[in-house]
Amino acid sequence: MRVAMLSVHACPMAKLGGRDSGGMNLYIRELARDLARRGIEVDVFTRQREHDHPKIQEIAPGARVIHIESGPVSYLPKMDVYDRLDEFTAGVDAYVKEHDLRYDVIHAHYWLSAEVARALAPTWGVPRIQMFHTLGLVKREVMDEDVDGESDVRVAIERRAVQESAAVIAASEIEAGELEELYAAEPAKLRIIPCGVDPEIFHPVRQADARRALGRDECERLVLFVGRIEQIKGIDVLLRAIGIIFRAYPELRDEICLLVVGGALDAEDGEAETDKIVELRRLVHEHRLEDAVDFVGSQDQPRLAVFYNAADLCAVPSLTESFGLVALESMACGTPVVGTRVGGLQTVIENDVSGLLVPAGDDAALAEAMARVLLDHALRLRLAAGARERAKAYSWHRVGEAVAALYADLMQPVEV
Ligand code: UDP
């Protein structure tokens, strides 16, 4: 079996934690790797945006990335990628014809790829599977402005993809519910397949060793944030919450440090810092948190595991989250998460068992929950044990198994 995966803007080989690279890039890389191990050949088609990425890159034996040129070889805002989708689609089709490739299924990721799948699936005569990773209508509910000016066109494409695809994958039952309620998805088309974690990278190590590796003091109380630096990740709520803790417990001012991982610039960006980081630095200054916040930039996965292990807690204050890989990775390292009661986070974290859940956007509730975990050693140990246990239920192997089963179902001849 051969699968054409479409991921127009998220290259599975991209550096993670940048302006627009995160969970989806990792998901596609890990899924492609696992499917290839099962003997399913995978070609991931993505836009060429780095000069030093070869046209064809192997992810693993049997899985490769094929970079297609559309527009300038550089980062492009989403709507500029959208404006060049015809060029991308033609590039994929031309490559496939030139190399006489045949696929059994198209598996598209995110709304941008949905349009490409829509054009190619009928031409190639193959079924089309869609996974959105985030949904425009859900994002619209929590964001005060349409940051990328994408909302209307995005939602229209999502609606069409839900109707036309043979199957839609949701990362949690919450996302499946949103697809049904907001997009009128037929329940029979939906498959709930939670994301995974790699236990070889993300597993507990002694906190003292992790701190030594980072050059951090053993007595510090370390709060970790990991992710793209965007309003939707709620980092400004987190900064306000740290300010609230300091006002309630002035004696902790010298002890607590917030480590912010993520926000690397894309190569070729040519800009000093993303606007969001500049804004956050302003917020740090406003709350007089300069001594309490360290922006450490993006980290690769093995190094990230050291950060999770060094931390006393990982804060995931997202306004919305279709799954929340960061929470799962932290839990796999045995570091409790204080997260928001939104989307997939509610399914990954069981409140008061494997972490704490607070309402999104509520800085006071976040401050209170974080203070509890930081100050109550017994609670921290209990949540850490619960988190480790919970994380065992998730693996990329299971994701691959469920996706392979879905492909097999779609290949069954339809009974008449
Ligand atoms: N990540 C990383 N290095 C960084 C920042 C993030 O490897 O510096 C990874 C992180 O390990 C996680 C992913 O990026 O796997 C973020 O996924 P998540 O589902 O939390 O958020 P998304 O980016 O999908 O919104």
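All chains use their own residue numbering, which begins from 1 and follows the written sequence. Only residues with pLDDT of at least 70 are given local features in this predicted model, and only at 80 or more are side-chain atom pairs given and counted; all residues enter the totals for whole chains, interfaces and linings. As a convention, hydrogens and water are excluded, and side-chain values are obtained from all of the structure's heavy atoms.

### Comments concerning the overall build of the protein
Thinking step 1. Think of it this way: any DSSP run of H or I at least four residues long counts as a helix, any run of E at least two long counts as a strand, and we number them from the N terminus. From N to C terminus, the protein includes 16 helices and 14 strands.
Thinking step 2. As defined in this context, the radius of gyration uses C-alpha atoms, and a globule is described by 2.2 Å times the residue total to the power 0.38. The C-alpha atoms of the protein give a radius of gyration of 21 Å, which matches the 22 Å a tight globule of 416 residues would have.
Thinking step 3. Buried residues are those whose accessible area, probed at 1.4 Å on protein chains only, stays under 20% of the maximum for their type, while exposed residues exceed 50% and partly exposed ones sit between those limits. Buried residues in the protein amount to 59% of all 416 residues.
Thinking step 4. The contacts in the protein between residues at least 6 apart in sequence include a share of 68% that link residues at least 24 apart.
Thinking step 5. Exposure was quantified through the Shrake-Rupley algorithm and a 1.4 Å probe, taking into account, for residues, occlusion by the shown protein chains and nothing else. Of the accessible surface of the protein, which amounts to about 17200 Å², a share of 49% is contributed by carbon and sulfur atoms.
Thinking step 6. As used throughout, the charge tally considers Lys and Arg to be positive and Asp and Glu to be negative, leaving His and the chain termini uncounted. Charge placement uses NZ in Lys and CZ in Arg. For Asp and Glu, CG and CD serve respectively. For the protein, the distance from the average site of its 47 positive side-chain charges to the average site of its 69 negative ones is 2 Å. Any two residues whose heavy atoms approach within 4.5 Å at even a single point are treated as in contact.

### Comments concerning the nonpolar core
Soluble globular proteins tend to bury their nonpolar side chains together.
Thinking step 1. In plain words, nonpolar cores are sets of buried Ala, Val, Leu, Ile, Met, Phe, Trp, Tyr and Cys residues tied together by side-chain atoms within 4.5 Å. Of all hydrophobic cores here, the largest spans 111 residues; its most connected members are Tyr27, Phe45 and Leu179.
Thinking step 2. The leading source of residues in this core is helix H4 (residues 110–124), at nine residues.
Thinking step 3. When near neighbours in sequence (up to four residues on either side) are disregarded, tyrosine 27 contacts His109, Met131, His133, Ile169, Cys195, Trp396, Val399 and Val403.
Thinking step 4. Counting residues in hydrophobic clusters, the runner-up holds 36 residues, among them Ile235, Ile245, Leu252 and Ala367.

### Quick word on the sheet that holds strand E8 (residues 190–192)
Thinking step 1. The eight strands are arranged E3-E4-E2-E1-E5-E6-E7-E8 in an open sheet whose pairing can be described as mixed. Since the sheet does not close on itself, it has two edges, and those belong to strand E3 (56–60) and E8, each with one partner. Strand-to-strand, the axes of this sheet are offset by a mean angle of 25 degrees, without reference to chain direction.
Thinking step 2. Taken together, the three bridges between strand E7 (residues 167–170) and E8 define a ladder with parallel strand orientation. A pair of strands counts as paired when DSSP detects no fewer than two bridges linking them. With axes taken as lines fitted to C-alpha atoms, and helix axes fitted only over the stretch in contact, angles between N-to-C directions fall between 0 and 180 degrees.

### Description of the confidence of the model for the protein
Thinking step 1. When pLDDT is averaged along the protein, the result is 93, and 96% of the positions lie at 70 or above.
Thinking step 2. Throughout residues 265–270 the model reports pLDDT below 50, and contacts reaching past four residues in sequence, or to other chains, amount to 14 contacts. Confidence scores labelled pLDDT are given residue by residue by the predictor and lie between 0 and 100.

### Details of the pairing of strand E12 (residues 313–316)
Thinking step 1. Side chains Leu313 and Ala315 of E12 all project onto a buried face; the interleaved residues Cys314 and Val316 project onto the opposite face, where all are buried too.
Thinking step 2. Across two bridges, strand E9 (residues 221–226) lies against E12 in parallel orientation. From the neighbouring strand, valine 223 faces E12, where its bridge partner is leucine 313.
Thinking step 3. Taking the sense of rotation as the criterion, the β-α-β connection linking E12, helix H12 (residues 325–332) and strand E13 (residues 337–340) turns out right-handed. Looking down the strands as they point away from the viewer, one classifies a crossover as right-handed if the path from the first strand across the helix to the second runs clockwise.

### Some thoughts on the environment of alanine 408
Thinking step 1. Structurally, alanine 408 can be placed in helix H16 (residues 396–411).
Thinking step 2. When the C-alpha atoms of alanine 408 and serine 74 are compared, they prove to be 37 Å apart, with 334 residues separating the residues in sequence.

### Focus: the pairing of E7
A regular strand carries its side chains on alternate faces of the sheet.
Thinking step 1. By the alternation rule, side chains of E7 split into Ala167 and Ile169 and Val168 and Ala170, which are all buried.
Thinking step 2. Bridge count for strand E6 (residues 128–131) against E7 is three bridges, and the pairing is parallel. Bridge pairing links methionine 131 to isoleucine 169 in E7.
Thinking step 3. As for the winding sense of the linkage, the β-α-β connection from E7 through helix H7 (residues 173–183) to E8 is right-handed.

### Some details on the pattern of salt bridges
Thinking step 1. Any Lys or Arg side-chain nitrogen found within 4 Å of a carboxyl oxygen on Asp or Glu counts as a salt bridge. Tallied over the full model, the rule gives 28 salt bridges.
Thinking step 2. The residue arginine 64 makes a salt bridge to aspartate 43 at a minimum N-O spacing of 2.6 Å. With arginine 64 in strand E4 (residues 63–68) and aspartate 43 in strand E2 (residues 41–47), the pair connects residues that are 21 residues apart, well separated along the chain.
Thinking step 3. By relative accessible area, which is 3% here, aspartate 43 ends up buried.
Thinking step 4. Between glutamate 164 and arginine 118 there is a salt bridge whose closest N-O contact spans 3.0 Å. Of this pair, glutamate 164 sits in helix H6 (residues 151–164) while arginine 118 sits in helix H4, and the two are 46 residues apart along the sequence.
Thinking step 5. Residue classification places arginine 118 among the partly exposed positions, given a relative accessible area of 32%.
Thinking step 6. One continuous salt-bridge network, built from bridges that share partners, spans Arg2, Glu41, Asp43 and Arg64.

### Description of the state of the cysteines
Covalent bonding between the sulfur atoms of two cysteines defines a disulfide.
Thinking step 1. When two cysteine sulfur atoms are found within 2.5 Å, that pair is recorded as a disulfide. Across all of its chains, the model carries zero disulfides by this definition.
Thinking step 2. For cysteine 257, which is in no disulfide, the shortest distance to another cysteine sulfur is to cysteine 219 and amounts to 14 Å.
Thinking step 3. Given a relative accessible area of 4%, cysteine 257 falls into the buried group.

### Re the site of the ligand
Thinking step 1. Around the ligand sit 20 residues, and of these Arg228, Lys233, Gln299, Gln301 and Glu329 come closest.
Thinking step 2. Any pair of N or O atoms that falls within 3.5 Å is considered a polar contact. Within protein, one atom must be able to donate a hydrogen and the other to accept it, and sequence-neighbouring residues count only if both atoms are side-chain atoms. Here an oxygen atom of the ligand sits 2.7 Å away from a polar atom, N or O, in the side chain of lysine 233.
Thinking step 3. In this structure, glutamine 301 approaches the ligand through a side-chain N or O atom, which is 2.8 Å from an oxygen atom.
Thinking step 4. Charged residues are taken to be Asp, Glu, Lys and Arg, nonpolar residues to be Ala, Val, Leu, Ile, Met, Phe, Trp, Tyr, Cys and Pro, and polar residues to be all remaining types, Gly included. Tallied by class, the residues present in the shell around the ligand amount to eight nonpolar, eight polar and four charged. When at least one non-hydrogen atom of a residue lies within 4 Å of a molecule or strand, that residue is treated as near it.

### As for H4
Note: α-helices contain 3.6 residues per turn, so residues at a spacing of three or four share the same orientation.
Thinking step 1. To estimate how far a helix should reach, multiply one less than its number of residues by 1.5 Å. Taking 1.5 Å as the rise per residue, H4 with 15 residues should run 21 Å; its terminal C-alpha atoms sit 20 Å apart, in good agreement.
Thinking step 2. At any given residue, the bend is defined as the angle formed between two axes, one fitted to the seven residues that end at that position and one fitted to the seven that begin there. Of all the bends in H4, the greatest measures close to 30 degrees and is centred on alanine 117.
Thinking step 3. The element H4 is largely enclosed, with a buried count of eleven among its 15 residues.
Thinking step 4. Listed in full, the buried residues belonging to H4 are Tyr110, Trp111, Leu112, Ser113, Ala114, Glu115, Val116, Ala117, Leu120, Ala121 and Trp124.
Thinking step 5. Glycine 125 sits one or two positions beyond H4 and adopts a positive phi of about 65 degrees.

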